[in-house]
Amino acid sequence: MKSHEIDYEIIGQSMQMVEVELDQGETVIAEAGAMNYMEDGIDFEAKMGDGSKVDQGFVGKLFSVGKRMLTGESVFMTHFTSQVAGKRKVAFAAPFPGSIIAINLAEMGGSITCQKDSFLCAALGTQVDIAFNRRLGSGFFGGEGFILQHLSGDGMAFVHAGGTVIEKKLNGETLRLDTGCLVAFSDGIEYSIEMTKGLKSMFFGGEGFFMATLSGHGSVWIQSLPFSRLADRIIQHAPQIGGSNQGE
């Protein structure tokens, strides 16, 4: 189905939220628990699936639900629909400090691939699916594992990432980065994992044993602070685990 046309505004700097403006009858879908606030006149309903396939049968919905369970996401997605004339707003916030990226899927050739936990919300008509990584090396050693998220459609989709996010345009070049810093990439980008060269670099370089390698033609989004890296630092310095108590 053709995606609903929605207006939006991204609010904030380091801990952002996206405010979506809906006309009567327009719907935005979101992961369970992502909603921050909504104005009167908007109804919400938890449904199985993203609603992009209006003629999808019960078996198809069960199959889609099964795939979402593999990613550790909720079986249900929440659909927010404006029921009144005029414009109504609903806002969504990321669950950890970082940035929200607004992506027009139509401008990306109709789809992007991203980390399985980075999807925040999208216009109704966007298909939220999973993509199994075809490369064994990427599956075992890439921070994202075998399962990535695949967003397809012709409307707006929003993903979140940790810290500052930058977009790199590749025109046949090759880009190497820490596996955890990869947020998303468009069609036309090849993604693989390469081992760090040299034993000294592996053990003492601090960059890990493996690097993500991306090449081709398209866009790559990179985050400065993966949530796993932030969580490791917090746990490392927690007083009950051996960190010092500074008396704050």
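As the structure is a computational prediction, the values presented were derived from the model and not from experiment. (Residues numbered from 1 in each chain as written. Predicted model: local features only at pLDDT ≥ 70, side-chain atom pairs only at ≥ 80, totals over all residues. Heavy atoms only, no water.)

Asker: Lay out the sheet that holds strand E10 (residues 119-123) in plain terms, naming residues and giving numbers.
Answerer: The strands making up a sheet associate through backbone hydrogen bonding, with each pair oriented either parallel or antiparallel. Spatial ordering of the open sheet is given by E5-E6-E3-E10-E13-E8, a layout of six strands whose pairing is antiparallel. Each edge of the open sheet carries a strand with a single partner, namely strand E5 (42-48) and strand E8 (98-104). Strand-to-strand twist of the sheet, defined as the mean angle between neighbouring strand axes without regard to direction, takes the value 20°. (Pairing = 2+ DSSP bridges. Helix = DSSP H or I, 4+ residues; strand = E, 2+ residues; numbered from the N terminus. Axes fitted to C-alpha atoms, helices over the stretch in contact; angles between N-to-C directions.)

Asker: Help me get a handle on the nonpolar core, residues and values and all.
Answerer: Counting 20 residues, the largest nonpolar core has Ile29, Ile101, Ile103, Ile112, Phe119, Leu151 and Trp221 as the members making the most contacts within it. Taken together, the elements giving at least two residues each to this core come down to E8, strand E9 (111-114), E10, strand E13 (156-162) and strand E15 (182-186). Leave out the neighbours within four places in its chain, and Ile101 touches Ala157, Phe158, Val159, Val165, Val183 and Trp221. Core analysis: the next-biggest nonpolar cluster, separate from the first, contains 17 residues, Ile42, Val90, Ile100 and Cys121 among them. (Core = buried A, V, L, I, M, F, W, Y, C linked by side-chain atoms within 4.5 Å. Buried < 20%, exposed > 50% of the residue type's maximum accessible area, 1.4 Å probe, protein only. Contact = heavy atoms within 4.5 Å.)

Asker: Describe the sheet that holds strand E2 (residues 17-22), naming the residues involved and giving the relevant values.
Answerer: Strand order in the open sheet made by the four strands is E1-E2-E7-E4, with antiparallel pairing throughout. In the strand order of this sheet, the two ends are held by strand E1 (7-11) and strand E4 (35-38), each with one partner. Strand-to-strand twist of the sheet, defined as the mean angle between neighbouring strand axes without regard to direction, takes the value 20°. Direction of pairing for E1 relative to E2: antiparallel, over a ladder of five bridges. Paired with Asp7 across the two strands is Glu21, which belongs to E2.

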